[in-house]
Protein chains: 6
Amino acid sequence: MTPIDPDYLPISGLDVPRFAGLATAMRLPVRSAAEPQGAEIGILGVPYDGGTTNRPGTRHGPRGRREASSMIRMVNQATRVAPFHTARVADFGDAAVDLTDVMTTLTLIEDQVTAMMSAGVTPLVMGGDHLISLPVLRAVAKDEPLGFVHFDAHTDLSSGYFGKSQYNHGTPFRRAVEEGLLDPARMIQIGIRGTSYGGADRAFAVEQGIRIVTIEEFRARGLADVMAEARQILGSKPTYLTFDIDALDPSVAPGTGTPEIGGFSSFEGQMMVRALDGVDIVAADLVEVSPPFDPAGITSWTGISMLFEILCVTVTALARRKGRDVVICEDIPAPTWGG
Amino acid sequence: MTPIDPDYLPISGLDVPRFAGLATAMRLPVRSAAEPQGAEIGILGVPYDGGTTNRPGTRHGPRGRREASSMIRMVNQATRVAPFHTARVADFGDAAVDLTDVMTTLTLIEDQVTAMMSAGVTPLVMGGDHLISLPVLRAVAKDEPLGFVHFDAHTDLSSGYFGKSQYNHGTPFRRAVEEGLLDPARMIQIGIRGTSYGGADRAFAVEQGIRIVTIEEFRARGLADVMAEARQILGSKPTYLTFDIDALDPSVAPGTGTPEIGGFSSFEGQMMVRALDGVDIVAADLVEVSPPFDPAGITSWTGISMLFEILCVTVTALARRKGRDVVICEDIPAPTWGG
Amino acid sequence: MTPIDPDYLPISGLDVPRFAGLATAMRLPVRSAAEPQGAEIGILGVPYDGGTTNRPGTRHGPRGRREASSMIRMVNQATRVAPFHTARVADFGDAAVDLTDVMTTLTLIEDQVTAMMSAGVTPLVMGGDHLISLPVLRAVAKDEPLGFVHFDAHTDLSSGYFGKSQYNHGTPFRRAVEEGLLDPARMIQIGIRGTSYGGADRAFAVEQGIRIVTIEEFRARGLADVMAEARQILGSKPTYLTFDIDALDPSVAPGTGTPEIGGFSSFEGQMMVRALDGVDIVAADLVEVSPPFDPAGITSWTGISMLFEILCVTVTALARRKGRDVVICEDIPAPTWGG
Amino acid sequence: MTPIDPDYLPISGLDVPRFAGLATAMRLPVRSAAEPQGAEIGILGVPYDGGTTNRPGTRHGPRGRREASSMIRMVNQATRVAPFHTARVADFGDAAVDLTDVMTTLTLIEDQVTAMMSAGVTPLVMGGDHLISLPVLRAVAKDEPLGFVHFDAHTDLSSGYFGKSQYNHGTPFRRAVEEGLLDPARMIQIGIRGTSYGGADRAFAVEQGIRIVTIEEFRARGLADVMAEARQILGSKPTYLTFDIDALDPSVAPGTGTPEIGGFSSFEGQMMVRALDGVDIVAADLVEVSPPFDPAGITSWTGISMLFEILCVTVTALARRKGRDVVICEDIPAPTWGG
Amino acid sequence: MTPIDPDYLPISGLDVPRFAGLATAMRLPVRSAAEPQGAEIGILGVPYDGGTTNRPGTRHGPRGRREASSMIRMVNQATRVAPFHTARVADFGDAAVDLTDVMTTLTLIEDQVTAMMSAGVTPLVMGGDHLISLPVLRAVAKDEPLGFVHFDAHTDLSSGYFGKSQYNHGTPFRRAVEEGLLDPARMIQIGIRGTSYGGADRAFAVEQGIRIVTIEEFRARGLADVMAEARQILGSKPTYLTFDIDALDPSVAPGTGTPEIGGFSSFEGQMMVRALDGVDIVAADLVEVSPPFDPAGITSWTGISMLFEILCVTVTALARRKGRDVVICEDIPAPTWGG
Amino acid sequence: MTPIDPDYLPISGLDVPRFAGLATAMRLPVRSAAEPQGAEIGILGVPYDGGTTNRPGTRHGPRGRREASSMIRMVNQATRVAPFHTARVADFGDAAVDLTDVMTTLTLIEDQVTAMMSAGVTPLVMGGDHLISLPVLRAVAKDEPLGFVHFDAHTDLSSGYFGKSQYNHGTPFRRAVEEGLLDPARMIQIGIRGTSYGGADRAFAVEQGIRIVTIEEFRARGLADVMAEARQILGSKPTYLTFDIDALDPSVAPGTGTPEIGGFSSFEGQMMVRALDGVDIVAADLVEVSPPFDPAGITSWTGISMLFEILCVTVTALARRKGRDVVICEDIPAPTWGG
């Protein structure tokens with residue numbers, strides 16, 4: 001089976017070594033909402049950390065993951081999916097942002113994602129801090145509230161500062177619920193832990209019917225059981241996936257602004273995303289990677305590796321919607337090793 | 001339910017951002033043995049690494065954890081305990097030490113902890129290397145031998161150099177047993193592993209009846225079973241808790257002097273400490289955090305996060321002794337998010 | 001000659017080792033505008049990087065310098081000045097800031113510095129990014145435009161984004177001139193270099209009569225000649241000193257947001273500040289130290305060392321205004337070495 | 001029971017502190033193939049990364065592990081084995097290599113390992129990149145194809161570039177099978193994961209009958225079950241063990257050229273090696289440690305710690321072949337603690 | 001005066017913040033030899049370190065400089081030159097290389113530079129190690145031997161290993177002289193220092209009439225005098241400029257394979273390059289930047305900043321050859337500040 | 001002219017690449033006082049930081065410099081001296097030290113240097129902190145007080161703590177003067193700067209007639225003038241040279257315990273040592289290199305590079321005493337390049 005479009009295969013390590021050439025996401029071609037050229041899935045950077053309340057640096061996150069992404073290859077060995085053979089995936093560069101103004105930035109991001117949506121491109125977003133999920137949701141949930149699967153150490157359901165901005169990286173999903181972008185009955189948050197300010201965010205969750213799975217519950221029940229519940233909650237309707245890198249343990253992902261000990265291993269991260277096979281993912285993001293706090297570079301690498309997993313389930317959902325077969329490893333004419 | 005004393009609540013992120021202000025432990029008020037002002041639990045730094053036989057740097061450990069501790073918030077989400085609402089906790093600064101003289105330093109530390117004890121303050125100590133547990137024990141076990149729960153990669157039960165100093169970070173608990181500070185029948189060491197010099201330390205343990213749980217036994221039996229045994233061994237009498245950060249895996253805590261691979265995850269660390277709920281913890285320490293070997297800063301952060309867990313069980317024990325209710329999350333009037 | 005007030009001497013290394021204790025600026029006592037307790041000079045942190053257009057992190061700058069400042073001792077060996085014996089200097093903590101709102105933050109900073117001024121305290125400010133100089137100037141130049149001596153790689157005289165915020169770290173001194181806070185005829189900028197956006201900032205300088213000394217002119221003429229001109233321009237009236245750490249070479253100060261190669265050595269930095277002896281410094285700042293980009297910690301150390309030099313000339317100016325003698329090294333009763 | 005030869009005991013921490021003296025592997029004596037002086041097992045560095053297709057640096061790997069190896073002590077606490085008492089182990093320095101020529105280097109390495117074999121010395125090799133296993137196998141499998149137990153994220157069974165070199169770090173075991181150095185029926189690869197170029201390497205494995213255990217299969221079945229299968233496959237005939245440090249998770253071993261998330265913990269690494277007790281290990285290597293990508297040094301430390309485990313099973317196999325008892329911890333006259 | 005072509009202006013910080021977007025060299029458009037689209041100067045990466053005899057990593061050099069280059073702005077403040085307004089400059093990506101074969105790589109690089117030359121594009125090359133200058137010279141010196149100005153700590157005039165490869169990063173200019181690519185009478189090497197293997201390289205220089213200026217001679221005579229001599233030696237005929245980053249001091253450029261103490265400051269580097277104004281630079285390179293040894297990132301930044309200086313003199317020479325005016329700062333319509 | 005002894009030439013990069021093999025100092029053979037085998041100059045590590053009052057880590061200094069020293073080659077290009085051809089130089093390993101006891105350590109070091117002296121070996125010592133110079137002086141100044149040339153930011157002439165240890169890294173030369181090991185009239189200290197505790201150390205210097213050259217005086221007069229004075233003070237009698245790496249600027253040598261800004265460049269360091277040609281250096285040390293604070297490794301490299309300069313003047317002095325010619329570069333049969 002041939003790839004859906006040879007122009008959308010990543011540059012081979014045979015042609016350009018992995019450390020060479022311009023660093024596009026996963027070595028994919030560059031497209032834009034104005035000239036999508038048939039792209040179906042667009043990896044979009046949102047280099048904004050103006051919603052960060054403590055350690056900044058996620059504005060450098062998209063570039064850090066692009067650089068690391070050269071090590072991504074063609075096929076997901078675990079699921080056998082060949083995403084770049086199945087759908088046209090491209091790098092859509094970085095969204096314009098205005099670091100001096102939160103409200104302007106929210107509009108800029110929403111507009112750009114809306115333009116992608118209008119061009120028929122599914123957004124796969126690299127943050128930036130978690131606030132950036134809000135304008136993405138505004139763009140993708142225009143028609144109806146979405147289901148929501150959320151991997152994170154924090155609920156990000158806070159109400160905000162008294163008398164101050166309602167928009168920072170601790171509040172996006174409260175805003176999203178209030179704005180009707182998400183359907184509380186189809187929301188699940190997994191991995192919640194760490195110290196907290198009190199119970200206000202959980203009280204809101206209880207009140208709204210949002211399902212919170214703490215890391216303690218997760219470990220007591222096991223991954224398979226929790227993810228089965230997640231699939232049941234999400235159902236078959238359109239769903240947004242958001243992955244905060246601080247869901248993972250600080251040993252795995254030190255390069256982030258608000259790490260919490262006791263987190264997931266990267267294997268668990270992978271298995272949880274794979275367990276979403278069958279869910280109708282219509283957009284997704286992976287946020288809070290902060291290169292200045294990542295001296296060994298493993299957070300950028302882990303971030304882009306997780307994004308590859310998210311890409312695979314997104315591609316699968318897209319293929320299902322389009323009635324297209326998923327190309328798998330065994331379908332590809334024997335490639336040689338490309339360094 | 002109101003906090004026991006509003007003066008003892010950490011500075012809110014609403015008032016001072018988490019990266020700002022003087023770095024006191026967990027943003028708590030500063031007190032001293034001379035002027036305790038009602039403080040019940042005192043976090044005391046002991047910046048001494050004169051007992052270290054290989055890589056130094058734990059003298060910088062208390063400051064490293066104070067800096068990281070700004071990210072600690074009010075409530076333990078897993079246990080629901082609100083320690084700062086339940087008891088008056090304060091930063092007691094750093095003990096005086098004399099890097100040029102071990103014996104003088106042992107006396108200095110003992111005197112300072114004794115002064116805290118006399119002022120009715122329960123010490124929660126940040127090392128320094130593990131030798132500093134010895135003078136702390138001398139101060140807190142003045143009346144009777146204590147029970148002892150010890151998380152570590154090493155037994156620290158060595159006899160010392162032939163004809164050389166008996167006091168270094170491999171010997172404190174042999175000394176403590178010899179001095180009658182600890183009750184061998186109520187001692188348990190958990191996480192022991194790595195290469196060793198031979199069997200002398202274990203022979204001493206066997207001879208004294210000290211329980212050693214290696215990491216291999218721990219993994220074979222599981223955390224719940226081991227910790228049930230720990231609670232049974234410790235019983236209801238006064239107990240000292242000591243946590244060497246090298247109990248954790250080097251991936252979790254690289255910034256330490258004598259790392260050993262194959263260690264605990266931070267989640268296991270948290271769960272083990274929480275499993276001590278009900279034990280009568282009367283003093284505790286967390287030692288061997290070495291900032292110069294911690295380029296990503298995760299060891300300081302993990303260290304202070306573990307100290308928060310230790311604080312919570314210590315506060316709970318204190319409340320039990322004082323016949324006071326433990327304030328939990330749900331008791332606190334809905335706080336807002338503080339960044 | 002005794003110190004002006006023993007309560008204002010830094011904690012001795014004899015009493016507390018330099019790596020121990022709470023990290024206050026230069027180990028000085030902590031005061032506030034509300035309770036100045038006689039303090040004459042206040043070191044104030046302004047942990048704000050919301051005006052930063054590229055690499056963030058200066059919000060962590062005040063804490064980084066406090067930590068490093070433990071290595072500062074009592075006397076300036078080069079000038080013989082004993083600043084802590086001559087004037088009451090204290091750590092005034094960090095100004096409140098609001099990372100989500102520039103305009104609010106500008107007001108917050110101005111208010112806090114105004115409060116210090118009202119309490120008779122000369123502010124010595126640790127940024128933050130360079131935008132923070134603007135609100136400080138608003139507070140200290142309430143009565144008349146000040147003279148201005150500015151060490152920097154950049155003029156910070158830009159007009160701002162078209163139709164966007166006028167307030168970021170490239171614009172503060174254009175705003176200050178426009179607002180009448182600075183007297184263009186008494187302004188000199190030293191060390192300007194690097195690539196630029198064009199000549200607009202320099203055109204403004206020419207138009208206003210602001211003196212710009214590029215690094216090339218500096219090296220061609222020599223330090224003594226340039227600083228003689230600076231003293232002539234500044235004259236005897238009140239003057240503000242601002243030192244952007246990126247005036248120094250990136251080898252000396254890598255931890256900053258917009259480094260430019262070809263900068264000053266730290267020795268030149270010291271000699272330039274010392275050459276301001278006789279100028280009536282009424283307030284000063286040292287900005288743009290960014291710990292996340294400073295793996296070896298030398299930028300924080302260099303930053304606080306330069307602040308000590310600035311303190312010495314500020315203390316000298318204050319003593320002159322108050323008709324007080326400057327205490328020098330030889331006046332101090334023979335101290336012993338304090339580690 | 002006395003050590004087999006006191007000259008082969010590591011230098012004690014009593015005599016030379018662990019941070020002092022020349023950094024030989026595990027503080028062992030230095031020997032050479034020309035003058036083995038009775039050595040039975042030789043730790044040989046092969047500082048070559050000319051087979052590396054992306055991030056280089058493993059040429060610095062042997063030195064990095066020698067430096068870290070000072071922290072290795074005498075006895076394996078988990079298995080009780082005292083390897084240096086049981087067999088004569090020495091540091092054989094580094095093999096000559098020629099970074100400018102792959103083919104020459106392959107010959108140089110083969111010759112040096114052959115010389116060791118001729119001198120009756122079992123090689124324990126520290127890479128270098130994984131290509132270096134090929135010439136080692138050429139030297140040790142001269143008589144018959146060996147069994148092969150392989151811990152890695154990658155199969156290293158690629159065919160090579162079209163029309164380009166057949167020899168790089170993705171191809172060694174395909175070459176080894178083609179050259180008859182390994183017996184496919186006695187080969188097992190454990191931990192395979194990550195993205196891949198397609199299915200060619202697995203197709204080769206299937207065709208040859210090589211057993212691949214992916215990380216997903218490993219976690220589904222459990223360590224004990226997988227290792228039982230491994231022992232069954234390997235049987236009682238001579239076996240080569242190769243451990244690529246990237247088998248471990250990037251959080252455990254960031255300092256490597258091609259990390260893949262979702263890997264083994266170091267505890268699992270230890271347990272898998274220990275589970276090879278009874279297998280006839282005749283030579284082994286541990287490869288792909290790259291110090292330039294290891295800022296906290298934990299990869300070098302983990303690498304040498306794993307090599308110690310490999311040494312213990314190799315010593316045990318050697319003792320079995322020689323009809324010699326394995327000295328264990330309890331056999332050693334009570335040593336004192338050596339810092 | 002308008003820019004020569006608006007399509008060749010770097011992306012403005014007004015449109016895309018400096019930390020955002022794909023990292024092309026100096027934010028320039030991407031072109032290729034096949035489709036040069038009018039480009040006159042091409043920045044070409046050559047990510048090859050196969051000629052490196054000690055610490056590798058320069059294969060990552062082009063990407064490191066592209067990332068850092070976002071901080072380069074439009075105008076050289078010291079010389080007033082606006083290079084992007086004066087000539088069409090573009091990023092030509094990275095040359096193909098084959099890490100497994102030196103001879104193939106030499107041919108690949110030569111072919112690619114030849115293609116650029118054929119398309120009328122002046123190459124500005126980012127190494128890689130210094131060996132890569134040889135194939136570049138083969139491409140650009142096809143017609144006649146070139147003049148040669150060389151900034152370096154090492155002469156790179158060695159003869160090579162006995163009986164081994166003649167091609168590594170210590171030999172390129174001996175080869176170039178032997179091949180008639182350089183005119184010895186028009187060669188000058190500046191900054192030579194450090195320990196050496198003996199006098200063979202200098203003997204060759206003396207024999208050929210190549211001028212070597214050691215760092216000691218440089219400091220004794222001064223920059224102006226040495227550079228006047230350089231201009232006199234180079235004359236008005238075509239000249240190649242090569243800048244090894246290790247010409248600079250290790251404090252300025254730690255991220256390189258063979259640092260030598262006692263080197264140039266970056267200011268001296270800038271002034272030396274500017275002093276070549278008037279020399280007919282026809283091609284140039286800047287080599288030996290090694291990101292894995294550059295934790296603070298200052299070497300990449302210094303490298304690209306120096307390349308900007310080299311670009312400015314190259315553009316000036318090109319304008320002179322083409323009879324075109326050099327656009328300077330004052331010619332540009334007042335730009336605003338772009339962050 | 002042949003080398004004095006081929007056994008004493010460093011291992012060539014032709015035979016073993018510079019990153020390979022055991023890391024002996026400058027790749028020299030290993031000797032001991034017990035079996036000097038004709039060695040005339042012995043490089044001895046003293047890995048002791050028990051005299052350090054703030055940031056520790058110099059115990060790792062000798063190993064750090066051995067590792068870096070692989071990049072040292074055969075000849076000093078500036079002075080033409082070939083030290084390894086002129087005298088038999090060897091690595092004498094590390095002195096035994098006892099980190100738990102200062103007084104014991106002082107005796108251990110003195111004994112070991114005395115043994116070297118008795119074996120006719122000139123000691124060239126790598127610290128450790130500066131206290132270690134004292135026992136070295138006790139060993140080498142047994143017969144008469146020595147002249148003393150001292151490069152440092154600090155005088156190290158403090159009297160010590162009141163009522164506390166007289167022996168730490170701030171006191172060695174006061175002790176040495178008091179013990180009659182140094183002749184005050186033949187002492188010069190160069191580079192003194194930074195903040196101080198007061199004037200007690202300088203008062204002692206004045207009283208004793210010790211010459212202190214501050215960095216400010218140095219820069220005002222120039223290197224040549226200061227070093228001429230140094231030679232005049234030192235005269236022709238036996239002299240000890242001590243070089244504290246913190247004499248150099250923190251940009252050059254960040255990896256040290258008590259950095260002071262405004263220091264020497266490494267070029268100045270080299271020129272000052274070379275200016276001692278003609279002085280009768282009988283022993284020397286280079287101290288205070290602290291690898292844990294040296295993330296880019298440049299301090300270890302600078303340290304060993306400076307030690308090479310010190311070696312060259314020491315070899316020259318030795319040759320003069322022995323009436324032997326100094327072998328220079330031009331005397332060596334044309335070597336080839338060795339990588």
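Residues numbered from 1 in each chain as written. Chains lettered and ligands numbered in written order. Predicted model: local features only at pLDDT ≥ 70, side-chain atom pairs only at ≥ 80, totals over all residues.

**Student:** Residues and numbers for the overall build of chain A, please.
**Tutor:** Along its length, chain A carries 10 helices and 10 strands. For chain A, whose C-alpha radius of gyration is 19 Å, the value lies close to the compact-globule estimate of 20 Å for 339 residues. The buried share among the 339 residues of chain A stands at 71%. Restricting to contacts in chain A with at least 6 residues of sequence separation, those with at least 24 account for 79%. (Helix = DSSP H or I, 4+ residues; strand = E, 2+ residues; numbered from the N terminus. Rg over C-alpha atoms; globule rule 2.2 N^0.38 Å. Buried ≥ 20, exposed ≤ 12 C-beta atoms within 10 Å, placed from the backbone. Contact = placed C-beta atoms within 7 Å.)

**Student:** A description of the relation of the copies chain D and chain E should follow, citing residues and the corresponding values.
**Tutor:** For these two chains of identical sequence, chain D goes onto chain E by a turn of 180 degrees and a shift of 0.0 Å along the axis, with RMSD 0.0 Å. Taken together, the rotation and translation describe the operation of a two-fold axis. Residues of chain D ranked by C-alpha distance from the rotation axis are headed by P292 of chain D, positioned 2.9 Å from it. (Least-squares fit on C-alpha atoms with pLDDT ≥ 70 in both.)

**Student:** Run through the interface of chain D and chain E, naming residues and quoting values.
**Tutor:** Contacts between the two partners involve 16 residues from chain D, matched on the other side by 16 residues from chain E. Across the side of chain D that touches chain E, the residue classes break down as 6 nonpolar, 5 polar and 5 charged. (Nonpolar A, V, L, I, M, F, W, Y, C, P; charged D, E, K, R; others polar.)

**Student:** Before we move on, could you go through the interface of chain A and chain B and cite the residues and values that matter?
**Tutor:** Listed as interface residues are 32 residues of chain A and, on the opposing side, 34 residues of chain B. Contributing elements (two or more residues each) for the side of chain A that touches chain B: β7 (195-196), α6 (200-208) and α7 (215-221) of chain A. Residues that form the side of chain A that touches chain B fall into these classes: 12 nonpolar, 16 polar and 4 charged.

**Student:** Describe the arrangement of the chains, listing the residues and the values that go with them.
**Tutor:** Looking at chain C next to chain D, you find no contact at all, with the nearest C-alpha pair sitting 11 Å apart. Across all C-alpha pairs, the smallest distance from chain B to chain E is 11 Å, and the two are not in contact.

**Student:** Outline the relation of the copies chain A and chain B, supporting the account with residue identities and numerical values.
**Tutor:** For the match of chain A to chain B, the screw axis carries a shift of 0.0 Å, the RMSD comes to 0.0 Å, and the turn is 120 degrees. In the structure described here, the two chain copies are related by an operation that fits a three-fold rotation axis. For chain A, the smallest separation between a C-alpha atom and the rotation axis is recorded for S251 of chain A, amounting to 3.2 Å. The two copies present different faces, since only 6% of the interface residues in chain A are matched by interface residues at the equivalent positions in chain B.

**Student:** Any chance you could break down unusual backbone geometry for me, citing the residues and the numbers?
**Tutor:** Backbone torsion omega between G127 of chain E and G128 of chain E reads 15 degrees, so that peptide bond is classified as cis. Within the secondary structure layout, G128 of chain E lies in the loop between β4 (122-127) and α4 (133-140). We note that R27 of chain B has phi near 60 degrees; this positive angle belongs to a residue other than glycine. Its 24 C-beta neighbours within 10 Å are what place R27 of chain B among the buried residues. Of note in this structure, M26 of chain F is not a glycine but carries a positive phi near 55 degrees. Tracing the backbone through its elements, the reader meets M26 of chain F in the segment before β1 (41-46).

**Student:** Lay out the sheet that holds strand β3 (residues 89-94) of chain F with the relevant residues and their values.
**Tutor:** Residue and element names in this part refer to chain F. One open sheet accounts for 8 strands, arranged β3-β1-β4-β10-β9-β5-β6-β8; its pairing is parallel. Here the strands that pair on one side only, and so sit at the sheet edges, are β3 and β8 (211-214). Across the sheet, the axes of successive neighbouring strands diverge by a mean angle of 15 degrees, strand direction being ignored. Inspection of the sheet shows strand β5 (residues 146-151) paired to strand β9 (residues 239-244) by 5 bridges, in the parallel sense. Looking across to β9, one finds that G147 is bridged to T239. Strands β1, β3 and β4 (122-127) of the sheet are contacted by helix α3 (residues 102-118), whose axis makes an angle of about 170 degrees with β1. (Pairing = 2+ DSSP bridges. Axes fitted to C-alpha atoms, helices over the stretch in contact; angles between N-to-C directions.)

**Student:** Give a detailed account of the environment of S196 of chain F, specifying residues and quantitative values.
**Tutor:** As for its placement among the helices and strands, S196 of chain F is situated in strand β7 (residues 195-196). S196 of chain F sits 42 residues away from H154 of chain F along the chain, and the two C-alpha atoms are 8.7 Å apart. Beyond its immediate sequence surroundings of up to four residues, S196 of chain F is in contact with R73, V75 and Q77 of chain C.

**Student:** Which residues make up the environment of Y8 of chain D, and what are the values?
**Tutor:** Residue and element names in this part refer to chain D. Its place among the elements puts Y8 in the segment before β1 (41-46). On the basis of neighbour count, Y8 is assigned to the buried category, with 23 C-beta atoms found within 10 Å. Once the C-alpha coordinates of Y8 and A90 are considered, the two residues, 82 residues apart in sequence, prove to be 7.1 Å apart.

**Student:** With reference to specific residues and values, describe the environment of A95 of chain C.
**Tutor:** Residue and element names in this part refer to chain C. Relative to the helices and strands, A95 is located in the loop between β3 (89-94) and α3 (102-118). A residue is classified by how many C-beta atoms lie within 10 Å of it, and A95, with 30 of them, is buried. Through-space distance from the C-alpha of A95 to that of L146 is 23 Å; in sequence the pair is 51 residues apart. Look past the residues within four positions of A95 in its chain and what remains in contact with it is L44, G45, V46, L108, I109 and Q112.

**Student:** Describe the sheet that holds strand β10 (residues 281-287) of chain C, naming the residues involved and giving the relevant values.
**Tutor:** Paired through their backbone hydrogen bonds, the strands of a sheet run either parallel or antiparallel. All names here are of chain C. Spatial ordering of the open sheet is given by β3-β1-β4-β10-β9-β5-β6-β8, a layout of 8 strands whose pairing is parallel. The strands lining the two open edges of the sheet, one partner per strand, are β3 and β8 (211-214). Strand-to-strand twist across the sheet, computed as the mean angle between neighbouring axes with direction ignored, equals 15 degrees.

**Student:** Quick rundown of the confidence of the model for chain A? Include the residues and the values.
**Tutor:** Here chain A averages 94 in pLDDT, while 97% of its residues score no lower than 70. For this predicted complex, the interface confidence comes out at an ipTM of 0.96, alongside a pTM of 0.97. (pLDDT = per-residue confidence, 0-100.)

**Student:** Outline the packing of helix α9 (residues 266-274) of chain E against helix α10 (residues 298-322) of chain E, supporting the account with residue identities and numerical values.
**Tutor:** All names here are of chain E. In contact at an axis separation of 9 Å, α9 and α10 are set at 15 degrees when each is read in the N-to-C sense. Viewed along their axes, α9 and α10 adopt a mutual orientation that is roughly parallel. Along this stretch, α9 crosses α10, giving a crossing that reads as right-handed. Of α10, the residues touching α9 (which contributes S266, G269, Q270, V273 and R274) are T302, M306, E309, I310 and V313. By residue class, the composition of the contact of α9 with α10 is 4 nonpolar, 4 polar and 2 charged. (Parallel < 35°, antiparallel > 145°, perpendicular 65-115°, else oblique. Left-handed = near helix turned anticlockwise from the far one by under 90°.)

**Student:** Give me the lowdown on the packing of helix α3 (residues 102-118) of chain D against helix α4 (residues 133-140) of chain D, citing residues and values where you can.
**Tutor:** Residues and elements named next belong to chain D. One way to put it is that α3 packs onto α4 with a least axis distance of 8 Å and a crossing angle of 40 degrees. On the basis of their axis angle, the class for α3 and α4 is oblique. Between α3 and α4 lies a crossing of right-handed hand. The residues of α4 that touch α3, namely those facing L106, I109, E110, V113, T114 and M117, are L134, P135, V136, R138, A139 and V140. A breakdown of the residues in the contact of α3 with α4 according to their chemical character gives 9 nonpolar, 1 polar and 2 charged.

**Student:** An account of helix α8 (residues 223-234) of chain F is requested, with residue identities and associated values reported.
**Tutor:** Three or four residues apart is the spacing at which side chains of an α-helix point the same way, because the helix has 3.6 residues per turn. Residue and element names in this part refer to chain F. With 12 residues, α8 should cover 16 Å at 1.5 Å per step; its first-to-last C-alpha distance of 16 Å lies within 8% of that length. Within the span of α8, buried status applies to M227, A230 and L234. Angularly, the buried residues of α8 cover 50 degrees about the axis, an arc narrow enough to put them on a single face. Of the exposed residues in α8, those oriented more than 90 degrees away from the buried face are A224, D225 and Q232. Buried residues along α8 sit against β5, β6 (182-192), β9 and α9 (266-274). Directly after α8, the chain includes G235, whose backbone phi takes a positive value near 65 degrees. (Expected span 1.5 Å × (residues − 1). Arc of directions from axis to C-beta.)

**Student:** How would you summarise helix α9 (residues 266-274) of chain C if you had to cite specific residues and measurements?
**Tutor:** For α9 of chain C, the buried fraction is high: 7 of the 9 residues fall into the buried class. Within α9 of chain C, burial applies to S266, F267, E268, G269, Q270, M272 and V273 of chain C. Buried residues along α9 of chain C sit in contact with β5 (146-151), β6 (182-192), α8 (223-234) and α10 (298-322) of chain C together with α7 (215-221) of chain F.

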